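Structural description and commentary
Now for the letters of each chain:
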Amino acid sequence: MHRFLLTPRWWGINVFVALAVPFCLFMGSWQLGRFEARVDSHREATAERPVDRAAAPLDSLLPVDTQTSGRLASASGEYGEQMLVPERRLDGASGFYVLTLLKTDSGKAVPVVRGWLPGVADPAKAPAAPTGRVEVTGALQASENAGTKGVHAQGGLPAGQLGVIAAATLVNLVPHDLYDAWLTVQTPVDGMTPVPAQAPTNTGLDLKAFQNLGYTGEWFVFVAFVLFMWFRLYRREVETLRDAEAGLLDPSAPAAAGATTATAATTATATASEDQSSTGIAPVR
């Protein structure tokens, strides 16, 4: 009864199932692992930092990752060029960041967001940075990019304004080597509102995370579908063999059906030829 499983046709079906099932399970598990990694990354990025944790030297926290993002970093040096970062929202209000480059003792400069002010970016509103040597402590942040929420990546800003806080943007504007990071001062400075640290990008439960979860379900559904189709083919084959053994199948039925089909096809071809002849169009051979 089950010797049909050894036929070449069923060998192909069985090999396909034997390869498809573990492949789908592997892909489903991989997508699930991606989703869990994003959940862990989100949990780690949004975890509260100990308020009594001492600030660490800037160089010791680089490069910025999910563990160092938001950590208090300290750097010493002198303030230099000051720029405004327009169209930044804070607590539902529109305003701008006051960003000043700090040239550190290492020779590199790090952008420091000293605070936020409401309204349209205006250099006259921005307090001047302290002169002389300063010690700056701020929350460490990764460089922004065009996909960061709230940035002005279209360009066309007036001189002295910056749309994206990143070394790649500043490298053509200032004559300093730059850190690939920036600091945001967490204490009020000169009447400005401190800019809170933000979680690093691609660490939230965003659309990509739920896409991974959806793909996980799809791969496991594929496994169930492959097994269902194999069982359906198997059961149909067994039922056909049983019907044949019981004499319930008419051996001439397939031949008759084939003859009927061939006759119908011939008739349809002839009719089409007559129609084409009547319209003056010769049949294509």
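How each quantity is defined
- Residues numbered from 1 in each chain as written.
- Predicted model: local features only at pLDDT ≥ 70, side-chain atom pairs only at ≥ 80, totals over all residues.
- Heavy atoms only, no water.
- Helix = DSSP H or I, 4+ residues; strand = E, 2+ residues; numbered from the N terminus.
- Buried < 20%, exposed > 50% of the residue type's maximum accessible area, 1.4 Å probe, protein only.
- Pairing = 2+ DSSP bridges.
- Salt bridge = Lys/Arg side-chain N within 4 Å of Asp/Glu carboxyl O.
- Phe/Tyr/Trp six-rings, centres within 6.5 Å; stacked < 30°, edge-to-face > 60°.
- pLDDT = per-residue confidence, 0-100.
- Contact = heavy atoms within 4.5 Å.

1. Considering unusual backbone geometry
Following Leu-62, the chain continues to Pro-63 via a peptide bond in cis, the omega torsion being -5°. Summarising the element assignment, Pro-63 is placed in the loop between strand 1 (56-57) and strand 2 (72-90). A positive phi angle is found at Glu-87, which is not glycine, with a value near 60°. Position of Glu-87 relative to the elements: it lies in strand 2. Judged by its relative accessible area of 49%, Glu-87 is partly exposed.

2. Some details on the environment of Pro-22
Note that Pro-22 resides in helix 1 (residues 8-45). On a C-alpha basis, the gap between Pro-22 and Val-223 in space is 8.3 Å, while along the polypeptide they are 201 residues apart.

3. As for the pairing of strand 6 (residues 181-184)
With burial as the criterion, each face of strand 6 is covered, one bearing Ala-181 and Leu-183 and the other bearing Trp-182 and Thr-184. Inspection of the sheet shows strand 4 (residues 109-118) paired to strand 6 by 2 bridges, in the parallel sense. Following the sheet pairing, Val-112 is matched in strand 6 by Leu-183. Across 4 bridges, strand 5 (residues 133-142) lies against strand 6 in antiparallel orientation. Looking at strand 6, one finds that Gln-141 is bridged to Trp-182.

4. Some remarks on the pattern of salt bridges
Across all of its chains, the model carries 4 salt bridges by this definition. Arg-9 is the salt-bridge partner of Glu-237, the closest N and O atoms lying 3.4 Å from each other. In this pair, Glu-237 is assigned in helix 3 (residues 207-245) and Arg-9 in helix 1, connecting sequence segments 228 residues apart.

5. A look at the packing of aromatic side chains
Within this structure, the stated rule accounts for 5 aromatic pairs. Between Trp-10 and Trp-230 the ring centres are 6.1 Å apart and the planes differ by 90°, which places this aromatic pair in the edge-to-face class. Remark: Trp-230 occurs in helix 3 and Trp-10 occurs in helix 1; sequence separation between them is 220 residues. Of the residues examined, Trp-230 reaches a relative accessible area of 26% and is grouped as partly exposed. Here Trp-230 and Tyr-234 contribute two aromatic rings whose centre-to-centre distance is 5.4 Å and whose plane-to-plane angle is 5°, an arrangement assigned as stacked. Of the two residues, Trp-230 and Tyr-234 are both situated in helix 3; the distance of 4 residues between them amounts to about one turn of the helix. Site record: aromatic cluster; members linked through ring pairs are Trp-10, Trp-230 and Tyr-234.

6. Describing the confidence of the model for the protein
With 79% of its residues at a pLDDT of 70 or more, the protein has an overall mean of 82. Across residues 253-285, confidence stays below pLDDT 50; counting only partners more than four residues off in sequence or on other chains, it has 5 contacts.

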